Each structure stands twice: as C-alpha cells, then as structure tokens.
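Residues per chain are reported as follows:
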Amino acid sequence: SKHTVNLDNRTANVTVKPLELGMGLKFELHVTVSGKKINVSEIPELPIPRNWMRDKLELNFYKTEQGEGGGEIENVTYDKETGTAVITFLRPG
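What comes next concerns the included structure. Because the structure is predicted, anything quoted here is derived from the model rather than measured. (Residues numbered from 1 in each chain as written. Predicted model: local features only at pLDDT ≥ 70, side-chain atom pairs only at ≥ 80, totals over all residues. Heavy atoms only, no water.)

Describing the pattern of salt bridges
Across all of its chains, the model carries four salt bridges by this definition. The partner of K36 in a salt bridge is E74, and the shortest N-O contact between them spans 3.4 Å. In this pair, K36 sits in the loop between strand 3 (30-34) and strand 4 (37-41) while E74 sits in strand 5 (residues 73-79), placing the two residues 38 residues apart along the sequence. Since its relative accessible area comes to 46%, E74 is described here as partly exposed. The salt bridge involving R54 is made with D55; its shortest N-O contact spans 3.7 Å. (Salt bridge = Lys/Arg side-chain N within 4 Å of Asp/Glu carboxyl O. Helix = DSSP H or I, 4+ residues; strand = E, 2+ residues; numbered from the N terminus. Buried < 20%, exposed > 50% of the residue type's maximum accessible area, 1.4 Å probe, protein only.)

Structure (structure tokens):
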C-alpha cells in the first residue's frame, strides 16, 4: 500500500487507501406490463434527486431492449411521494 512517486524531479511517498463511492444503489421494483406502458411500483425512497431516479428508470427499461423487452422510451412519469412510475414506450411490444 506504500509507494514512491517521482513528480517534476521530486520524490513523494504515498499510501494507497480504499475509496468509498456512495452512488451504488441497488433496489427491487414491482412491474405491471400493458402494451405500450409499464407501471412500476414500490420504488424505494432514495437520497437522490427526482430527475436522477427518472433517468435511472429510463436507462434501465431502455437498455433491456436486446434480451428482455424494452426499447425506445417516449416518456417516464415518476412520483416520488407514492414510489411509482409509468414508463411509456414509443412502440408496443
């Protein structure tokens, strides 16, 4: 964990320490599928801004297109107070 680093003709002794990243959050969602829309419920309340959660939901359902359904997103409506969201796709599937 201890290293010597040469910078600009100077030597510095440094110690490596683990860095904790606080953004890794994992949670479970309950989903109801209906043609073009997905109703998501029981979204846990997390200490992140509302628009971050909306973006995370959009990315999650957009990226599942290859193997598990999903696709291009038309709209995401997220209600933080009720812990619910409605994801609307451009095409039914």
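We are not done yet, so read on.
Remarks on the pairing of strand 2 (residues 10-15)
As a general feature of sheets, a regular strand has side chains that alternate between the two faces. Of all six residues making up strand 2, only zero are buried, and the element is barely covered by its neighbours. Connecting strand 1 (residues 2-7) to the antiparallel partner strand 2 that follows it, the hairpin turn spans two residues, and D8 within it adopts a positive phi of roughly 50 degrees. (Pairing = 2+ DSSP bridges.)

Quick notes on the pairing of strand 6 (residues 84-89)
In the sheet, strand 4 pairs with strand 6 via four bridges, with the strands oriented antiparallel. Bridging from a neighbouring strand, V40 pairs with A85 of strand 6. Where strand 5 lies against strand 6, six bridges are found, and the strand directions are antiparallel. Within the sheet, the bridge partner assigned to I73 lies in strand 6 and is F89. Between the antiparallel neighbours strand 5 and strand 6 lie four residues, among them G83 with a positive phi of about 65 degrees.

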